[in-house]
Amino acid sequence: MSLFHHLVSRSLPLWLVFFLTFLVLLGKSQKEVLQVKVGIVLDTNVTLADLSLRAINMSLSEFYNTHNGFKTRIVLNIRDSKRTVVGAAASALYLIKKREVVAIIGPGNSMQAPFLINLGNQSQVPIISFSATSPVLDSLRSPYFIRATHDDSSQVHAISAIIESFRWREVVPIYVDNEFGEGILPYLVDAFQEINVRIRYRSAISVHSSDDQVKRELYKLMTMPTRVFVVHMLPDLGSRLFSIAKEIGMMNKGYVWIVTNGIADQLSLKGESSLENMHGVLGVKTYFSRSKELMYLETRWRKRFGGEEINNFECWAYDAATALAMSIEEISNVHMSFNKTKTNTSREDIGTDLDDLGVALSGPKILQALTTVSFKGVAGKFQLKNGKLEAKTFKIVNIEESGERTVGFWKSKVGLVKSLRVNQTGIKISHSSNLLRPIIWPGDTIFVPKGWEIPTNAKKLRIAVPKKDGFNNFVEVKKDANTNAPTITGFCIDVFDTAMRQMPYAVPYEYIPFETPDGKARGSYDEMVYHVFLGEFDGAVGDTTILANRSSYVDFALPYSETGIVVVVPVKDEREKGKWVFLKPLTWELWFLTAASFLYIGIMVWIFEYQANEEFRGQSIINKISNVFYFSFSTLFFAHMRPSESIFTRVLVVVWCFVLLILTQSYTATLTSMLTVQELRPTVRHMDDLMKSGVNIGYQTGSFTFERLKQMGYKESRLKTYDTPQEMHELFLKKSSNGGIDAAFDEVPYVKLFMAKYCSKYSIIEPTFKADGFGFAFPLGSPLVPDISRQILNITEGETMKAIENKWLLGDKHCLDSTTSDSPIRLDHHSFEALFTIVFVVSMLLLLAMLVYRRYRKTKPSEINANNPPRDDNMRASADPPRDDNMRAPAASPANDDQVHEPPGPALNEADAPDAQDQLLNDEVNVGDRNEVDIIVEVDPTLVHRRNLITSKTIPIRRAVPFSRIKSA
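Overview of the structure. Per chain, residues are indexed from 1 in the order of the written sequence. Predicted model: local features are reported for residues with pLDDT of at least 70 only, side-chain atom pairs are reported and counted for 80 or more only, and whole-chain, interface and lining totals are derived from all residues. Think of the side-chain values as coming from all heavy atoms in the structure, minus any hydrogens and water.

1. With respect to the overall build of the protein
Secondary structure elements follow DSSP: runs of H or I of four or more residues count as helices, runs of E of two or more count as strands, with numbering from the N terminus. The secondary structure content of the protein amounts to 32 helices and 33 strands. The buried share among the 969 residues of the protein stands at 46%. For the protein, restricting intrachain contacts to residue pairs at least 6 apart in sequence, the fraction spanning at least 24 positions comes to 72%. Only the protein chains shown count as cover for residues, with accessible areas throughout obtained via the Shrake-Rupley method and a probe of 1.4 Å. A total of about 51200 Å² of accessible surface is found on the protein, and carbon and sulfur atoms cover 54% of it. In this scheme, a residue with accessible area under 20% of its type's maximum is buried, one over 50% is exposed, and one in between is partly exposed, where area comes from a 1.4 Å probe on protein chains only. Contact criterion: two residues are considered in contact whenever any of their non-hydrogen atoms come within 4.5 Å of each other.

2. As for the pattern of salt bridges
Basic side-chain nitrogens of Lys or Arg form a salt bridge, by our definition, when they fall within 4 Å of a carboxyl oxygen of Asp or Glu. Taken as a whole, this structure holds 25 salt bridges when the rule is applied. The salt bridge involving aspartate 138 is made with lysine 388; its shortest N-O contact spans 3.2 Å. A residue pair is termed long-range when its members are at least 10 positions apart, and aspartate 138 in the loop between β4 (127-129) and β5 (145-147) and lysine 388 in the loop between β15 (380-382) and β16 (393-400) qualify at 250 residues. The partner of lysine 479 in a salt bridge is glutamate 515, with the nearest N and O atoms 2.7 Å apart. Of the two residues, lysine 479 sits in strand β20 (residues 476-479) while glutamate 515 sits in the loop between β22 (509-514) and α17 (525-534), which places them 36 residues apart along the sequence.

3. Some details on unusual backbone geometry
Omega for the peptide link from glycine 106 to proline 107 comes to 0°, which places this bond in the cis form. As for its placement among the helices and strands, proline 107 is situated in the loop between β3 (104-105) and α5 (113-123). Backbone geometry places asparagine 386, a non-glycine residue, at a positive phi of 60°. If you trace the backbone, asparagine 386 turns up in the loop between β15 and β16. Assessed through its relative accessible area of 74%, asparagine 386 is described here as exposed.

4. Things to note about the sheet that holds β3
Hydrogen bonding along the main chain pairs the strands of a sheet, whether they run parallel or antiparallel. Taking strand neighbours across the sheet as the criterion, the five strands line up as β2-β1-β3-β4-β5 in an open arrangement whose pairing is parallel. Strands at the two margins of the open sheet, each flanked by one partner only, are β2 (72-80) and β5. By this definition, two strands are paired if DSSP reports at least two bridges between them. Pairing between β3 and β4: two bridges, direction parallel. Bridge assignment links isoleucine 105 to a residue of β4, and that residue is isoleucine 128. For every element, the axis is a line fit to its C-alpha atoms; helices are fit only across the contacting stretch, and the angle between N-to-C directions ranges from 0 to 180 degrees. Lying over the sheet, helix α14 (residues 312-330) contacts β1 (34-42), β2, β3 and β4, oriented at roughly 135° with respect to β2.

5. What about the environment of valine 172?
Secondary-structure assignment places valine 172 in strand β6 (residues 170-176). In this view, valine 172 contacts Arg200, Tyr201, Leu221, Thr226, Val228, Phe229 and Val230; residues no more than four positions away in its chain are not counted.

6. Quick look at the pairing of β20
Here β20 runs beside strand β21 (residues 486-489); their pairing, made up of four bridges, is antiparallel. Residue lysine 478 lies in a different strand from β21, and its bridge partner there is threonine 487. What sits between the antiparallel neighbours β20 and β21 is a turn of six residues, in which asparagine 484 has the positive phi angle 65°.

7. Some thoughts on a nonpolar patch on the surface
Here, patches come from residues exposed beyond 30% relative accessible area and free of salt bridges, joined within 9 Å for like charges and within 5 Å for nonpolar side chains (Val, Leu, Ile, Met, Phe, Trp, Tyr). Together, Tyr530, Phe533, Leu534, Tyr553 and Leu780 give the surface a local cluster of nonpolar side chains, amounting to about 450 Å² of exposed area. When you line up the elements, tyrosine 553 lands in the loop between β23 (539-540) and β24 (554-556). Residue tyrosine 553 is classed as partly exposed on the basis of its relative accessible area, which comes to 35%.

8. Focus: the packing of aromatic side chains
To pair, rings of Phe, Tyr and Trp, with the six-membered ring standing in for Trp, must have centres within 6.5 Å; the planes then decide the type, stacked if under 30 degrees apart, edge-to-face if over 60, and tilted in the middle. This model, assessed by the stated rule, comprises 41 aromatic pairs. Between tyrosine 699 and phenylalanine 706 the ring centres are 5.0 Å apart and the planes differ by 35°, which places this aromatic pair in the tilted class. Given the relative accessible area of 15%, phenylalanine 706 is considered buried.

9. Description of helix α4 (residues 85-97)
Over its 13 residues, α4 runs 18 Å from end to end, which matches the ideal 18 Å to within 8%, given 1.5 Å per residue. Those residues of α4 that sit buried are Gly87, Ala88, Ala89, Ser91, Ala92, Leu93, Leu95, Ile96 and Lys97. Turning to α4, the residues buried within the fold contact β1, β2, β3, α5 and β12 (338-339). Looking at where α4 begins, the residue whose side-chain oxygen comes 2.9 Å from the main-chain nitrogen of glycine 87 is threonine 84. Between the first and last residue of a helix there are one fewer steps than residues, each counted as 1.5 Å, and that sum is the expected span. Polar contacts, as used here, are pairs of N or O atoms within 3.5 Å; protein pairs need one atom able to donate a hydrogen and one able to accept it. Residues neighboring in sequence count only if both atoms are side-chain atoms.

Right, dumping it as structure tokens:
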């Protein structure tokens, strides 16, 4: 051994020893690696298929270089499907029977997939597709079909969000006529119905169609008003479509083109000519986040394949190969073989290739591993949900001649956004074109197309109008006696014509009377609306009321008339008449309150005058009562000429006269109104009274009000019809007793026309029932509805509607408002509560002031007498003051011998004047009653002012005083 070692170390270099050792170990490891056969079915010699095959090989090579310790190695068996369904089926059958592959990657498109899916399901061989995107394949419900890509249906909500944001109401889908194109249609329809967008027409174009056939189909679309097209087809057919569309003028201003990811994802494979033809098109493109895995792959791809760009399908193919390699490694201990069953056949029955089709024993395990595998791939996170990848984000691109430009994104839980960098939270925002960046539309314009136009070579809109026998102010159909051409006029026609003239674009239309060949009404308004729904007419114009059941068949523009249903009844003149009419202006409560107030004022005057008026106290009780209440009631006519003696009475009378002034003026005005103004009162106060009285009720022929009355419980035998306002008036004159009516139930516009002629004879009573007014009807989803509604708003808010109403509904008649009150206007005590309260409060305050003053009068004289003790007669006589010229006795009246004149007295000096005058007054108060005489004394005015006893220079004194006392004084 040592000798051998010596020879080797001497003769062989050391590096050779290591090399030989590596080869031995490598050979040993190669013997332990399990080679697993996997089939590939693609259309070779096709650009997309060749690039996808490159991505698969690159994925497996890089995967095993990174994981060289794995026990399994995938060996690819590639078969060409020859671009046919049969070729794909034959290739798959060959791979399963002859090659016994455990899985198949493919096919290249959705048309080839159904047979392969069924074949894989029968043999338990997983079919993994990265390019079959049609949702129709889900209907096969095969667990062995793995869609390592996004479903086409995942992008329909992104498309509907774009359409909703620009408020387009009609769309025409253009799709390839095969499984790929048809698969998305049901999902598009559902998405558009959610946003109330109508699909006017479906344009299917075969992949084998010639350019002339495509051109004829596009010309057909040009004759339709819709200008929004959603294109779902493969790039080859799409390039031809847009080339022809540009040639015939469908890429001009006003058109909208939206392509799905079937075209948008492969724009990089098309030349500049295709991009030039698609200038202004919007595209929904699959979005991959810029992860480091994707950027590393792009770098390696460009280095390896000379700068070529990698697309979405190559990324999905790369991740699909990686997922399959990881799944096979996970079940490396499972026996990779087929269980073949021999089918007994008779001599006459040769059998088919499917009779002895084996079953892969590893199929269920591989399927389970594929459904659970999860990793971060170049196309994002690879994790299957219901056998396919889930799409959460799409990129919105604007195609220009130089390439594509990103204008926004769509996220499943947010909607349209301009950028993914801004944090968006959970509320979807719609109806705003600002959700995307500025877009260049076809025709190289930045103005958003309205989405529809009236084609110049299209037929005129057929507008149905009702044939009416009455109320022709709204709609009237006349025919020329010579040409038999119809002439349509009326209020509704003028409103519609005005709205159409104000539209921002021209809309040709013609009126078609809804009548039979003999000129009679063809049916009810409901039938006319239903024929619009059937497509016989493009709209209906007239006095058509907006109802819930009609809105199920048509779309109404905004109402242009007054809304509501009212009840009309006759009125009668109830002007107040009779000999007691003068009592009617005031209620009985107010009469009693006024009378009580007069009595109260009289009592208060009695109290005040009794304290201040000496003459009043001397009267008898009967005279006192008569004078007091005469004074109180005379204030009603302001005839109280005699001044009162009490200041309290004067204040009270002033306040009371103010109250009486208001009361009498109000009484006079109310009585004048009752005697002169005509008071029209309805014969029925409320509609409930009609139900109780059992009278007949009228309604217009053909109106929906008939059903309303029946729903309210009125018997059909009590309901009478009328066609014209004149006939309605005649039925009122007959009354229910003679087969007429006592009330009419109709809409406000008709009643307004009726009242314009008969307003003095009828009135509207409560209540007013809900109705939505007249509206123009159009087919469901018609784009005319929002534009006409805007014009109606402009008309109703301006002076135009008033002019039309004056022309057709009012004319030269101007009637007063016929609304009447339910009861006569009478003055009640509530209207004067504040005034009577003021009188009462003032009287109480005056009474309190009088009591305070009286108490003051009693205490003041006692204080004076305490300060000035009385003097006897001798002291007064000896003083003999000088006589005051101002104090003299008037001449005695010859008619009365009892009156004693005061003799001239000595004058008083200024010092003694106050005391002398005080003494004189005291003596006058203390005069005895022995010889009763009437004395009139002239008193100095300064004394009167000082004592506040009288208001004039002469004081009437009716006391019995001895003459000697006067003389001595």
